[in-house]
Amino acid sequence: VAALLGFRALRRRRQRERELADVKSLAREDLVGLADDVVGLDEDVEASPEAKAAYLRAMEAYQQADDSFDRARSPQDISRVTAALADSRYEMETAKAHLAGSPPPERRPPCFFDPRHGTSVQDVNWISPYGGQMTVPACEADARRVNAGEEPDARQITVDGRLRPFWDAPAYYQPWAF
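Cut-offs used in this document
- Residues numbered from 1 in each chain as written.
- Predicted model: local features only at pLDDT ≥ 70, side-chain atom pairs only at ≥ 80, totals over all residues.
- Heavy atoms only, no water.
- Helix = DSSP H or I, 4+ residues; strand = E, 2+ residues; numbered from the N terminus.
- Expected span 1.5 Å × (residues − 1).
- Contact = heavy atoms within 4.5 Å.
- Salt bridge = Lys/Arg side-chain N within 4 Å of Asp/Glu carboxyl O.
- Buried < 20%, exposed > 50% of the residue type's maximum accessible area, 1.4 Å probe, protein only.

S.K.: Report on helix α3 (residues 78–100), specifying residues and quantitative values.
M.R.: For α3, with 23 residues, the first-to-last C-alpha span of 33 Å sits near the 33 Å given by 1.5 Å per residue. In the stretch just after α3, G101 is the one whose phi turns positive, near 75°.

S.K.: Before we move on, can you summarise the environment of S88 with the specific residues and values?
M.R.: By the secondary structure assignment, S88 is in helix α3. For S88 and L163, which are 75 residues apart along the polypeptide, the C-alpha to C-alpha distance reads 28 Å. Residues within four places of S88 in sequence aside, it is in contact with L34, A58, A61 and Y62.

S.K.: Can you explain the pattern of salt bridges? Please cite residues and give values.
M.R.: Enumeration according to the criterion identifies eleven salt bridges in this entry. Here R155 and E29 are joined by a salt bridge, their closest N and O atoms 2.7 Å apart. Of this pair, R155 sits in the loop between α4 (140–147) and β3 (156–159) while E29 sits in helix α1 (residues 2–41), and the two are 126 residues apart along the sequence. For the salt bridge of R155 with D30, the shortest nitrogen-to-oxygen distance reads 2.6 Å. Residue R155 is found in the loop between α4 and β3, and its partner D30 is found in helix α1; the two are separated by 125 residues along the sequence. The same class applies to R155 and to D30, which are both buried. One network of salt bridges, in which partners are shared, links E29, D30 and R155.

S.K.: Mind laying out the environment of D168, listing which residues take part and the relevant values?
M.R.: Of note, D168 is situated in the loop between β4 (162–165) and α5 (174–177). The buried category is assigned to D168, whose relative accessible area is 18%. Distance from D168 to Y130, taken between C-alpha atoms, is 8.2 Å for residues 38 residues apart in sequence.

What follows is the structure, encoded as structure tokens:
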């Protein structure tokens, strides 16, 4: 009996480790992608104090995301990473708006279809293949697609060897996605 319990415990631990590795790989992609944006704006922000302040806030949020990533021990811990990434993306968009002489964007959640698209610009009514009609936040490009009756540009992830939209991922992806 003790051997069976030990085997089950080991199997559960290995499953949790696989789940964390899957979710962390997506979070790492997001961190790398945002780092490229951050580096690309580094010199430009010197032209505007408002842009520079937003850029510095973006850098702080990015660092929080990176630190949270390093400390993550379960898929649930990844929610801290994605929240900090959303803050950093918003501040980057704010810095870019200041540089363009535009007002900062409204503070909204990230695009439902792919958080890497940035801050959403509106809520859209989307027909989910799994749950009927839903109202979700969308970036400008995905909002146009959904409102035109087209498919949004959803992030695809590999689960069990096949590509599928992230909203169709196993439940342990939820802290990363939302």
